[in-house]
Amino acid sequence: MEPREEIKALTEELEHHSYLYYVLDQPEIEDYEYDRKLRRLEELERAYPQYASPLSPTQRVGGQPLSQFEEVHHAVPLESLQDVFSFEELEAFENGLRQSLSAPVYSVEPKVDGLSVALEYRDGEFYRGATRGDGVIGEDVTENLKTIRSIPLRLTGAPSRLIVRGEVFMPKSVFLALNQEREERGEALYANPRNLAAGSLRQLDPKVAAARQLDILIFNLQLVEGMTFTTHSETLDYLKGLHFKVIPYRLCTNATEAKALVEAIDAHRSDFSFDIDGAVIKVNDLAARARLGSTAKFPRWAAAFKYPPEIKETVVEDIVVQVGRTGVLTPKAVVVPVRLAGTTVTNATLHNQDFISDKDIRIGDTVKIRKAGEIIPEILEVDKSRRPVDAKPYFLPDTCPVCGAKVVRDEDGCYRVTEAGREIAETLDATLPLSVRDKALEAAFTLLAQAKAQRENRVELQKIKQGYQVTCHISGGDMDLMAVTLYVPDRAQAEMVKRSFYKDPAGVYKLVLASLTKDTSLAREYFIERQEQL
C-alpha cells in the first residue's frame, strides 16, 4: 500500500475505534492493538510529513504551550437558563408556556455540572472550540478540546458549517483517582469535578488538559448550514449519527410527566458517570422556540430544575488514621451507615487536623454530612446540643499508629511520619511494578495496624505434597483486602510464618512480595532471617 493510502486508511480505522471506545463504550480491539496502529501512523507521518493532517489522531495533544487564549465571538449566543427550585415553580413555568403554545412537547435531560463550550466544524473538520465566557465572547481552547477523545475531529456527511454546544466534564472515576493520589501525597483534595474540569480546560499547555482525561456531552445544535430540522430531538439524533457523544433525553407533554422524569433522573443520578446538578426541561419544537424568543438573560423555552444537595444526619462512631505511602496521616470519620446520593456512606473525609479543630468534630457527635460534588462524603456541621458529655476534642497522634515513629506537622499543615516505613522502604525493589509494591505496602501496614489493635486475621495451614500452604486473609473492614499465600517445605516453617505475620513491617512486606511475585528467594531470605532471630 502506498504511504498516502496507508495513512488515510489508518486514520479512518483509528477514528472508528476511538468512536467505539470513547463514545459508545463498545471497544472492538485491545488497547495494545490500538496503540500499535497509532505508533505505525506516527512513523508514517514522520517519514511523509506532506501527507500528515493537523486533525490526525496523532495530533490530539498539541506541542508548545500557548502564551494566552484568543477571544472568540460566538456566532450564536450561548445563553444561560432560568432556574426553578421546586415543582411548584416548574408547574408555573409550564403554565406560562401553555399560554403561548397549544400542545407543547418537552425534552427532559440531565443537567451536566461542567463547563459549557461551542464546537465549530467547517467542511466536516473540527475548526475551533471555545468556552462559553459571557455567552457572547469566549476563549479559544481548541488545542485543549482536541485532547478529549470523544470529540470527533472529522465528520462524515457533515454540512459546510456546523456549531454544536456541549458540556465538558471530568468523569467521577477520574476525579476520585486524582484525589486519592493527592491524599496519599498529603496534598489538599480537589473540591469537585466541575472546578477541576474548568481549570483543566483553561490550561495553556494541552498536555495538562490531556492528562486530566476530560469528556464531553453534546446537548444542542447551535448552527447548521444547508439543513433544516423541526424538533430539538431530531437534532440530537442527527448529531448522534455524526458520532457525537449526545446527552440522553426523554420526551413528555405536560408538567406532571416532566416532574416524573425529573424525579427519575434524580433517583438515578449516582448511576451517571458524570456529575449532575439538575435536569433541563426544553420545548422540543424549534419553530415554537423561535416564537417564544429570549429575555435579556435567558431563553423563554427552557428551564433548569436544580436539585438541592442531599444532607443527612449520622453519628461519628470513631476517627481512624490512615498512613499513606509518603508517611502522611489522613484522618477519616467512621459514621453510622446512612444512605446518601444513591450509596451507603460509612466514612467521611476529615482532611486534616485544622478541619477537625475548626468544626470541633468529636467521637460520638451527631453531624450533618453531604457528598461534596456528589462524590466525596464530608461533614458540614456538628449538632453540639446532642454531644455526649464525655466527648473529648480529637487530635492526631504524636506517633505513627503503624510503625511508632514520631509524627510532625509540616509547613502545609499535614501531619507526616518522620521515619514512616523506613524499614519497608529499604527492602523495596524499584524494579517491581508499582501496583505490586503498593499492594504489599498496604497489606503490611494493615497487618501491623491490626496487630496493635490486637486484631487477628484468619490464617490457614494446609498440608500439600510439597509441604505446607499457609494463607493469611488480610481483612479491610468487612471484606478481604487480599489473601497472602506462601508455600513452605515443613510444619515448623509454617508455624513460624503464622506466628510472625504480625511482627514487623519489613518481614510482612517481604512475605507479601514473595506471594505476589512468586519469588522464592524472598521467602527463603525471610525464613533465614527469622531462624537466626529464633
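So, how was this worked out
Residues numbered from 1 in each chain as written. Predicted model: local features only at pLDDT ≥ 70, side-chain atom pairs only at ≥ 80, totals over all residues. Heavy atoms only, no water. Phe/Tyr/Trp six-rings, centres within 6.5 Å; stacked < 30°, edge-to-face > 60°. Buried < 20%, exposed > 50% of the residue type's maximum accessible area, 1.4 Å probe, protein only. Helix = DSSP H or I, 4+ residues; strand = E, 2+ residues; numbered from the N terminus. Contact = heavy atoms within 4.5 Å. Pairing = 2+ DSSP bridges. Axes fitted to C-alpha atoms, helices over the stretch in contact; angles between N-to-C directions. Expected span 1.5 Å × (residues − 1). Arc of directions from axis to C-beta. Polar contact = N/O pair within 3.5 Å; in protein donor to acceptor, adjacent residues only side chain to side chain. Salt bridge = Lys/Arg side-chain N within 4 Å of Asp/Glu carboxyl O. Core = buried A, V, L, I, M, F, W, Y, C linked by side-chain atoms within 4.5 Å. pLDDT = per-residue confidence, 0-100.

A. Quick look at the packing of aromatic side chains. Inspection of the entire model under this criterion finds 8 aromatic pairs. The interplanar angle of 25° and the centroid separation of 6.2 Å between the aromatic rings of Tyr48 and Tyr51 together place this pair among those described as stacked. When its relative accessible area of 31% is taken as the criterion, Tyr48 is described as partly exposed. A centroid spacing of 5.1 Å and a plane angle of 50° characterise the contact between Phe229 and Tyr238, whose relative ring orientation is tilted.

B. Inspection of the environment of Leu90 at higher detail. Note that Leu90 resides in helix 3 (residues 87-98). Each C-alpha atom, one on Leu90 and one on Lys259, is 8.0 Å from the other, the two residues being 169 residues apart in sequence. If we skip the residues at most four places from it in the chain, Leu90 touches Val84, Ala258, Lys259, Ile281 and Phe305.

C. Representation of the sheet that holds strand 4 (residues 115-122) within the structure. The antiparallel open sheet is built from 4 strands, whose spatial order is 5-4-7-8. Looking at the sheet topology across the chains shown, the edges are occupied by strand 5 (125-131) and strand 8 (215-224). Strand after strand, the sheet turns through a mean of 25° between neighbouring axes, direction not considered. Here 8 bridges tie strand 4 to strand 7 (residues 161-169), and the two strands are oriented antiparallel to one another. Bridging from a neighbouring strand, Tyr121 pairs with Leu162 of strand 7. Against the sheet, helix 8 (residues 232-241) touches strand 7 and strand 8, its axis set at about 120° to strand 8.

D. Region of interest: helix 9 (residues 255-267). For helix 9, built from 13 residues, the straight-helix expectation of 18 Å at 1.5 Å per residue is met to within 8% by its first-to-last C-alpha distance of 18 Å. Buried within helix 9 we find Ala255, Ala258, Leu261, Val262 and Ile265. Down the axis of helix 9, the sector holding all buried residues measures 120°, keeping them to one side. With respect to the buried face of helix 9, the exposed residues turned more than 90 degrees away are Thr256 and Ala267. Packed against the buried residues of helix 9 are helix 3, strand 3 (106-112), strand 9 (250-252), strand 10 (276-283) and strand 11 (302-306). Where helix 9 starts, the residue carrying a side-chain oxygen 3.1 Å from the main-chain nitrogen of Thr256 turns out to be Asn254.

E. Layout of the side chain of Thr131. Within the secondary structure, Thr131 is located in strand 5. With a relative accessible area of 6%, Thr131 lands in the buried category. The contact partners of Thr131, leaving out residues within four places of it in the chain, are His74, Leu115, Ser116, Val117, Gly138, Glu139 and Val141.

F. Region of interest: the pattern of salt bridges. Considering all chains together, one arrives at 26 salt bridges under this definition. Across the pair Lys37 and Glu13 runs a salt bridge whose closest N-O atoms are separated by 3.1 Å. On the criterion of sequence distance, the pair formed by Lys37 in helix 2 (residues 31-47) and Glu13 in helix 1 (residues 3-23) is long-range, its members being 24 residues apart. The exposure class of Lys37 is buried, given its relative accessible area of 14%. The partner of Glu109 in a salt bridge is Lys282, and the shortest N-O contact between them spans 3.0 Å. Placement of Glu109 in strand 3 and of Lys282 in strand 10 is noted, with a sequence separation of 173 residues between them. Overall, the relative accessible area of 2% leaves Glu109 in the buried class.

G. A look at the environment of Val76. With respect to the element layout, Val76 can be found in the loop between strand 1 (71-73) and strand 2 (82-84). When the C-alpha atoms of Val76 and Val164 are compared, they prove to be 9.9 Å apart, with 88 residues separating the residues in sequence. For Val76, the residues in contact, after removing those within four places along its chain, are Gln222 and Leu223.

H. How the structure looks around the nonpolar core. Within the largest apolar cluster, 67 residues are counted, with the highest numbers of intra-cluster contacts made by Leu119, Leu145, Leu162, Leu239 and Phe244. For this core, the leading source of residues is strand 8, giving 6 residues. Aside from chain neighbours lying at most four places away, what touches Leu145 is Val117, Leu119, Phe126, Gly129, Ala130, Ile151, Val168 and Leu201. Counting 18 residues, the second-largest nonpolar core is a separate cluster that includes Ile319, Val335, Leu350 and Val382.

I. Broad picture of the confidence of the model for the protein chain. Considering every residue of the protein chain, the mean pLDDT works out to 81; 75% of them sit at 70 or more. Confidence drops under pLDDT 50 across residues 419-431; counting only partners more than four residues distant or on other chains, this segment forms 22 contacts. Across residues 476-480 the pLDDT falls below 50, and counting only partners more than four positions away or on other chains, this stretch makes 4 contacts in the model.

J. How the structure looks around the pairing of strand 13 (residues 328-340). Where strand 12 (residues 312-323) meets strand 13, 7 bridges bridge the pair, whose relative direction is antiparallel. Bridge pairing in strand 13 links Val320 to Lys332. Across 6 bridges, the pairing between strand 13 and strand 14 (residues 343-349) is antiparallel. When the bridges of strand 14 are listed, Val338 appears paired with Val345.

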